[in-house]
2 protein chains.
Amino acid sequence: MALEHAILGFLDYAPMSGYDLKKTFDESVRHFWTAQQSQIYRTLKRMQQDGWVRIEVVKQDDRPDRKVYHITPTGRQELERWLAAPAGPELFRSEWLVKVFFASRLGDSEIHAMFRERADTLRAKFAHLQDATQGALDEGAAKCGEPRDCALWQLTLEYGIAYYRWELEWMEQAMERLARLPPGADRAGNGENAENGGNG
Amino acid sequence: MALEHAILGFLDYAPMSGYDLKKTFDESVRHFWTAQQSQIYRTLKRMQQDGWVRIEVVKQDDRPDRKVYHITPTGRQELERWLAAPAGPELFRSEWLVKVFFASRLGDSEIHAMFRERADTLRAKFAHLQDATQGALDEGAAKCGEPRDCALWQLTLEYGIAYYRWELEWMEQAMERLARLPPGADRAGNGENAENGGNG
DNA sequence: CAGATCATGTAACCTGTTACATGATTTC
DNA sequence: GAAATCATGTAACAGGTTACATGATCTG
């Protein structure tokens with residue numbers, strides 16, 4: 001499981017609260033690893049029990065106290081062990097592709113709409129990555145100033161950017177091919193395909 | 001949730017047992033939607049309670065009885081409703097990218113090994129998709145013979161193939177860039193980076 | 001005065017994974 | 001004789017999502 005190790009990685013740069021961690025996740029690795037706030041708190045609890053982190057309570061007068069988590073030597077050791085171990089399989093799940101797979105009973109116009117909607121979503125995510133995430137990484141880089149870190153952060157960001165660029169290109173190609181999609185045979189309860197010539 | 005709808009989609013082509021469904025998933029949509037055997041049985045149970053499928057028990061002398069699941073009119077209606085609705089967000093999680101993000105404390109040689117290992121994994125998955133999945137889809141196409149279905153199945157397969165092709169290209173580019181990775185500053189407990197020039 | 005931000009979490013639920021249980025037949 | 005295939009599942013656990021709970025300050 002990578003969540004606890006990603007947390008170790010971030011805490012190794014700087015001690016943080018659970019709240020800070022959530023923001024950090026969303027600003028840096030969101031496009032390949034997400035974490036819910038509740039998940040982060042639950043995991044920090046376990047990590048503290050395992051001795052990977054220790055808590056420093058920082059009192060504040062006006063706001064609720066902060067619990068600042070620090071990585072421990074044991075935690076740092078675990079981070080290094082994990083880094084050197086082979087990575088687990090990646091997870092990809094696309095409801096959109098499942099719909100494309102079973103889309104034959106839809107009419108051509110509906111299928112086209114499906115693709116256009118998907119392209120819009122991709123463009124929005126692409127823009128967010130280029131603007132928000134790039135901005136946040138630049139800020140982080142300016143603060144920490146370690147060129148080796150920056151280069152690797154930038155590499156994972158560019159993976160995302162290149163991915164969306166590729167997928168948008170693929171969408172265009174696919175939509176051209178859709179124009180030559182064979183018409184469907186009649187199915188009970190679906191008059192949608194009549195416009196495409198029917199089966200006859 | 002797409003699992004129950006993917007099941008509806010498959011049962012709409014032909015009635016099947018839970019065991020058959022698992023094989024069908026693995027041979028066709030595995031690269032964008034996986035399902036465990038136990039998950040399929042659990043979901044079929046719920047779908048039967050909801051009236052989306054009905055069970056036909058087929059007795060066999062030599063082997064255990066088969067439970068063949070048929071889609072019901074209610075199920076077919078639900079399938080159509082789902083198909084026309086907008087798709088939920090896709091899910092992507094890559095432990096490998098998390099490791100790249102935090103890899104700066106590793107030495108250059110270890111980082112290179114990480115990339116080479118990843119490329120090997122990608123090549124293996126790519127080969128499986130081209131051979132096994134393409135073979136299974138061709139068989140399915142030969143059996144059902146609906147060109148509209150085939151064209152869409154093929155499209156989702158080619159998405160996978162194009163994806164791996166893109167990712168392997170990206171890996172090559174990234175490895176070239178890695179050759180110019182800035183050296184790391186010394187960190188406590190890690191002598192690994194000394195070979196790269198240290199922080200003078 | 002409403003909504004965002006800061007800051008903590010818990011509870012319930014759903015999904016996904018792994019292991020276990022059974023037992024016959026077919027293949028190496 | 002061992003392992004794979006056919007065929008059904010259950011149980012326990014891990015991981016991820018959503019909703020709820022609290023309460024201050026800051027911004028529009």
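Small disclaimer: the values here were computed from a predicted structure and weren't measured.

**Topic: the overall build of chain A**
Consideration 1: When you go through chain A residue by residue, the secondary structure sums to 7 helices and 3 strands.
Consideration 2: Moving toward the C terminus, one meets the helices and strands of chain A in the order α-α-α-β-β-α-β-α-α-α.
Consideration 3: Over its C-alpha atoms, taken along the principal directions, chain A stretches across nearly 75 × 40 × 35 Å.
Consideration 4: Evaluated residue by residue, chain A yields a buried proportion of 48% over its 200 residues.
Consideration 5: Relative to all contacts within chain A whose residues are 6 or more apart in sequence, the contacts with residues 24 or more apart total 57%.
Consideration 6: A total accessible area of about 9900 Å² is found for chain A, and carbon and sulfur atoms account for 49% of it.
Consideration 7: Side chains of chain A carry 26 positive and 31 negative charges; the gap between the two charge centres is 5 Å.

**A word on the confidence of the model for chain A**
Consideration 1: With 92% of its residues at a pLDDT of 70 or more, chain A shows a mean pLDDT of 89.
Consideration 2: Across residues 189–200 of chain A, confidence stays below pLDDT 50; counting only partners more than four residues off in sequence or on other chains, it has 22 contacts.

**Some details on the protein's contact with DNA strand C**
Consideration 1: Around DNA strand C, the structure places 23 residues, and the nearest of them are Y19 and K67 of chain A together with Q36, Q39 and R42 of chain B.
Consideration 2: Atoms of DNA strand C within 4 Å of the protein belong to the sugar or the phosphate in 60% of instances, the rest to bases.
Consideration 3: At the level of secondary structure, the elements contributing two or more residues to the surface near DNA strand C comprise helix 2 (18–28), helix 3 (37–49) and strand 2 (66–71) of chain A together with helix 3 (37–49) of chain B.
Consideration 4: Among the residues forming the surface near DNA strand C, the class breakdown is 6 nonpolar, 7 polar and 10 charged.

**Side note on the packing of aromatic side chains**
Consideration 1: As enumerated under the stated definition, the model contains 30 aromatic pairs over all chains in all.
Consideration 2: On the numbers, 6.0 Å between centres and 20° between planes, the contact of W166 of chain A with W166 of chain B is stacked. On the criterion of chain membership, the pair formed by W166 of chain A in helix 7 (residues 147–178) and W166 of chain B in helix 7 (residues 147–178) is interchain, its members lying in two chains.
Consideration 3: Residue W166 of chain A is classed as buried on the basis of its relative accessible area of 10%.
Consideration 4: Where Y13 of chain B meets W153 of chain B, the ring centres are 5.4 Å apart and the plane angle is 90°; that geometry is what we call edge-to-face. One end of the pair, Y13 of chain B, is in helix 1 (residues 3–13); the other, W153 of chain B, is in helix 7, and 140 residues separate them in sequence.
Consideration 5: By the ring-pair criterion, three or more aromatic residues cluster together here, those being F92, Y159, Y163, Y164, W166 and W170 of chain A together with F92, Y159, Y163, Y164, W166 and W170 of chain B.
Consideration 6: The ring centre of W33 of chain A lies 5.1 Å from the NZ or CZ of R93 of chain B, which sits over that ring.

**Topic: the relation of the copies chain A and chain B**
Consideration 1: For the pair chain A and chain B, the best superposition has an RMSD of 0.0 Å and corresponds to a rotation of 180° with a translation of 0.0 Å parallel to the axis. Look at the turn and shift together and you get a two-fold axis relating the two. The C-alpha atom lying nearest the rotation axis in chain A is that of F92 of chain A; the distance is 2.3 Å.
Consideration 2: Residue by residue, 99% of the interface of chain A is reproduced at the interface of chain B, so both copies engage with the same surface.

**Some remarks on the environment of A103 of chain A**
Consideration 1: Tracing the chain through its elements places A103 of chain A in the loop between helix 5 (95–101) and helix 6 (108–144).
Consideration 2: Beyond its immediate chain neighbours, meaning those up to four positions away, A103 of chain A contacts I111 and M114 of chain A together with L83 and L152 of chain B.

**Structural notes on the side chain of H5 of chain B**
Residues and elements named next belong to chain B.
Consideration 1: As for its placement among the helices and strands, H5 is situated in helix 1.
Consideration 2: Side chain to side chain, H5 and E78 meet in a polar contact 2.8 Å long.
Consideration 3: If we ignore the near neighbours within four places in the chain, the residues touching H5 are W52, E78, L79, R81 and W82.

**Observations concerning the interface of chain A and chain B**
Accessible area lost when the parts come together is the quantity often used to give the size of an interface.
Consideration 1: On the side of chain B, 77 residues touch chain A, which itself brings 78 residues to the contact.
Consideration 2: Overall, the association of chain A and chain B removes approximately 7800 Å² of surface from exposure, summing both partners, and the carbon and sulfur fraction of that is 62%.
Consideration 3: Viewed at the interface, chain B and chain A are joined by 10 salt bridges.
Consideration 4: As a salt-bridge pair, R105 of chain B and D12 of chain A come within 2.5 Å of each other at their nearest N and O atoms.
Consideration 5: At the junction of chain A with chain B, the criterion picks out 36 residue pairs in polar contact (both at pLDDT 80 or more).
Consideration 6: The set of elements that each furnish at least two residues to the side of chain A that touches chain B consists of helix 1 (3–13), helix 4 (73–84), strand 3 (91–93), helix 5, helix 6 and helix 7 of chain A.
Consideration 7: When residues in the side of chain A that touches chain B are grouped by element, the largest group, 19 residues, is from helix 7 of chain A.
Consideration 8: Tallied by class, the residues present in the side of chain A that touches chain B amount to 43 nonpolar, 15 polar and 20 charged.
Consideration 9: Where strand 3 of chain A and strand 3 (residues 91–93) of chain B come together, 3 bridges link them in antiparallel fashion. Within strand 3 of chain B, the residue paired with R93 of chain A across the bridge is L91 of chain B.

Cut-off values and rules
Residues numbered from 1 in each chain as written. Chains lettered and ligands numbered in written order. Predicted model: local features only at pLDDT ≥ 70, side-chain atom pairs only at ≥ 80, totals over all residues. Heavy atoms only, no water. Helix = DSSP H or I, 4+ residues; strand = E, 2+ residues; numbered from the N terminus. Buried < 20%, exposed > 50% of the residue type's maximum accessible area, 1.4 Å probe, protein only. Contact = heavy atoms within 4.5 Å. Areas by Shrake-Rupley, 256 points an atom, 1.4 Å probe, with all protein chains shown as cover. Lys, Arg positive; Asp, Glu negative; His and termini not counted. Charge placed at Lys NZ, Arg CZ, Asp CG, Glu CD. pLDDT = per-residue confidence, 0-100. Near = heavy atom within 4 Å. Nonpolar A, V, L, I, M, F, W, Y, C, P; charged D, E, K, R; others polar. Phe/Tyr/Trp six-rings, centres within 6.5 Å; stacked < 30°, edge-to-face > 60°. Lys NZ or Arg CZ within 6 Å of the ring centre and 35° of its normal. Least-squares fit on C-alpha atoms with pLDDT ≥ 70 in both. Polar contact = N/O pair within 3.5 Å; in protein donor to acceptor, adjacent residues only side chain to side chain. Buried area = accessible area lost by both parts, 1.4 Å probe. Salt bridge = Lys/Arg side-chain N within 4 Å of Asp/Glu carboxyl O. Pairing = 2+ DSSP bridges.

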